[in-house]
Amino acid sequence: MIRTFPDDFIWGVATSAYQIEGAWDEDGKGESIWDRFSHTAGNIEDGSTGDVACDHYHRWVEDVALMESLDIQSYRFSVSWSRVLPQGRGQVNQAGLDFYSRLVDGLLEAGIMPCLTLYHWDLPQALQDEGGWPARSTAEAFAEYADLMSRSLGDRVRFWITHNEPWVAAFVGYMEGRHAPGMQDENAALRASHNLMLSHGMAVPIIRANSPGAEVGITLNLSAAMPASPSAADYAAYRHFDGRLNRWFLDPLYGRRYPADMVASFAAQGWLSAEGMTFVQDGDLDVIAAHTDFLGVNYYFREVLRDESAEDNLPRTLFVAPESEWTEMGWEVYPNGLYELLSRLHLTYRPPKIYVTENGASYSDGPDSTGRIRDQRRLEYLRSHLEAAHRSIQSGVPLVGYYAWSLLDNFEWALGYEQRFGIVWVDYATQERTPKDSALWYRDVIGRNGFVP
Ligand code: FCB
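**Topic: the overall build of the protein chain**
Part 1 of the reasoning: Along the protein chain, the regular secondary structure elements total 15 helices and 14 strands.
Part 2 of the reasoning: By principal-axis analysis of the C-alpha atoms, the protein chain measures approximately 55 × 55 × 45 Å.
Part 3 of the reasoning: Across the 453 residues of the protein chain, 60% fall into the buried class.
Part 4 of the reasoning: Excluding contacts between residues fewer than 6 apart, the proportion of contacts in the protein chain whose partners are at least 24 apart in sequence is 78%.
Part 5 of the reasoning: With an accessible surface of roughly 16600 Å², the protein chain has 50% of that area assigned to carbon and sulfur atoms.
Part 6 of the reasoning: Measuring between centres, the 37 positive side-chain charges of the protein chain sit 4 Å from its 63 negative side-chain charges.

**Considering the site of the ligand**
Part 1 of the reasoning: Every residue near the ligand is listed here: Gln19, His120, Trp121, Asn164, Glu165, Asn298, Tyr300, Glu358, Trp405, Glu412, Trp413 and Phe421.
Part 2 of the reasoning: Separating an oxygen atom of the ligand from a side-chain N or O atom of Gln19 is a distance of 2.8 Å.
Part 3 of the reasoning: Here an oxygen atom of the ligand sits 3.0 Å away from a polar atom, N or O, in the side chain of Asn164.
Part 4 of the reasoning: Contact with the protein chains removes 94% of the 290 Å² of surface that the ligand exposes when unbound.

**Points about the side chain of Lys436**
Part 1 of the reasoning: Among the secondary structure elements, Lys436 is positioned in the loop between β13 (432–435) and α15 (437–448).
Part 2 of the reasoning: Under the relative-accessibility criterion, Lys436 is labelled buried at 0%.
Part 3 of the reasoning: Here the side chain of Lys436 touches Asp409 through a polar contact of 2.8 Å, side chain to side chain.

**A look at the sheet that holds strand β5 (residues 159–164)**
The strands that make up a sheet pair up through hydrogen bonds in the backbone, lying either parallel or antiparallel.
Part 1 of the reasoning: The strand order around the closed barrel formed by eight strands is β2-β3-β4-β5-β6-β8-β10-β11, and the pairing between neighbours is parallel. Between one strand and the next, the sheet's axes are offset by a mean angle of 25°, whatever the strand orientation.
Part 2 of the reasoning: Here strand β2 (residues 10–14) pairs with strand β11 (residues 399–405) via five bridges, running parallel. Bridged to Gly12 within β11 is Tyr403.

**Things to note about the pattern of salt bridges**
Part 1 of the reasoning: Applying the stated criterion across every chain yields a total of 31 salt bridges.
Part 2 of the reasoning: Among the salt bridges present, the one from Arg433 reaches Asp63, with a minimum N-O distance of 2.8 Å. Note that Arg433 is positioned in strand β13 and Asp63 in helix α3 (residues 56–69), a separation of 370 residues in sequence.
Part 3 of the reasoning: The salt bridge partner of Arg76 is Glu358, with a shortest N-O separation of 3.0 Å. Taken as a pair, Arg76 in strand β3 (residues 74–78) and Glu358 in strand β10 (residues 354–358) lie far apart in primary sequence, 282 residues in all.
Part 4 of the reasoning: Judged by relative accessible area, which is 0%, Arg76 ranks as buried.
Part 5 of the reasoning: With relative accessibility at 4%, the residue Glu358 sits in the buried group.

**Quick word on the environment of Gly447**
Part 1 of the reasoning: The residue Gly447 is located in helix α15 in this model.
Part 2 of the reasoning: Relative accessible area serves as the criterion here: at 65%, Gly447 is assigned to the exposed category.
Part 3 of the reasoning: Taking C-alpha positions, Gly447 is 12 Å from Ile2, a pair spaced 445 residues apart along the chain.

**Digging into the packing of aromatic side chains**
Part 1 of the reasoning: As enumerated under the stated definition, the model contains 40 aromatic pairs in all.
Part 2 of the reasoning: Here Phe159 and Tyr355 contribute two aromatic rings whose centre-to-centre distance is 4.7 Å and whose plane-to-plane angle is 40°, an arrangement assigned as tilted. Here Phe159 is found in strand β5, whereas its partner Tyr355 is found in strand β10, with 196 residues between them in sequence.
Part 3 of the reasoning: Here the aromatic residues Tyr18, Trp34, Phe37, Trp121, Phe411, Trp413, Tyr417 and Tyr428 are joined through ring pairs into a cluster of three or more.
Part 4 of the reasoning: Arg83 extends its terminal NZ or CZ atom over the ring of Phe99, reaching a point 5.9 Å from the ring centre.

Cut-offs applied
Residues numbered from 1 in each chain as written. Predicted model: local features only at pLDDT ≥ 70, side-chain atom pairs only at ≥ 80, totals over all residues. Heavy atoms only, no water. Helix = DSSP H or I, 4+ residues; strand = E, 2+ residues; numbered from the N terminus. Buried < 20%, exposed > 50% of the residue type's maximum accessible area, 1.4 Å probe, protein only. Contact = heavy atoms within 4.5 Å. Areas by Shrake-Rupley, 256 points an atom, 1.4 Å probe, with all protein chains shown as cover. Lys, Arg positive; Asp, Glu negative; His and termini not counted. Charge placed at Lys NZ, Arg CZ, Asp CG, Glu CD. Near = heavy atom within 4 Å. Polar contact = N/O pair within 3.5 Å; in protein donor to acceptor, adjacent residues only side chain to side chain. Pairing = 2+ DSSP bridges. Axes fitted to C-alpha atoms, helices over the stretch in contact; angles between N-to-C directions. Salt bridge = Lys/Arg side-chain N within 4 Å of Asp/Glu carboxyl O. Phe/Tyr/Trp six-rings, centres within 6.5 Å; stacked < 30°, edge-to-face > 60°. Lys NZ or Arg CZ within 6 Å of the ring centre and 35° of its normal.

Given below as structure tokens:
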């Protein structure tokens, strides 16, 4: 029996600028931290860069037609900040702005609702040179950028996401160093996380003023986290993980300030100066807690936390999936985590609406001798997560849309082109696009507004 979604449910696909656009230095674009990072030897696993990527900058007309042929209702893309403001602030690059304006017009003509993400990790290098996200001035520059974009496109774009996954931008970029700008400094990462959230809060009223009636929100990468056993040690490991990934961003966003247990833990680890959270100024928490219309949720897998070092630990009682149920990213396939996560968000934080802004799987299945791409495992991944999404709606979660990650195979950050998340295959030698079985299945889902389990 078909599982039908609410009539106005939105079916979309997502991408981001650096992962697909290419044209990294064309038509006046400035350098971004991802240009600099990928051009530095040793940072990207396969030695690749986003210089060309999917060449979407030149092929966007074809890509819009491709989405139209798949009956996609909404397209979530991001703007490359340094394409429109090469120095991060000040001088506008009209050619860059025109590119996004044409894209938005093309989408609207094709009947596809644009969903614009302002920041998907590609900070202008010029702003990094002035301190990057650990510097408060970057939040002020972001507000100027948000103003420019919403003044230019706010009449046509009705759906705005300030940031994509600030946890990754702050902690993977400034603490782990696996992402641009490749820094390893815990205190810098905490300052970055605050300034990212502050910049979100500063941008919300600006976008609302320039694009009256539009929906404005933020996308977080959230995980269903759980302890591997009922032991005190595993529970503490779970609380800490959940605190850093989920609560550190959700609590201030929903007016609960920073979680006290995490502030204490960061201080105890020496991640804060002796004076504590000095980077939080009076009024910042009110700015961050600006009312948003929705929460964007990126969900891929769960985290099972175990403190292996605790001597008195209990035996593990919670087991992760058998071998076959891991994607090529090494991420466990755990669809019920989406249900658990959405339920928790609804019960704890009560966002007025939720969109799943990313969900998908990396499998490298390519064309067979007939050219067909039988990516059955991706199709099953998407189906099982839609089942969880459907169940969430039935239990009262205000989930109003779903975006598959990703429209195209693309540049998967530090992992380069080896990981393929697309529902459409990209032959990087010819730039030819071929819908995989999952894309054709997704078109049927959209057509029926539901799926057959
Ligand atoms: C998310 C990112 C997205 C993509 C997917 C696989 O964390 O937002 O750009 O890399 O993971």
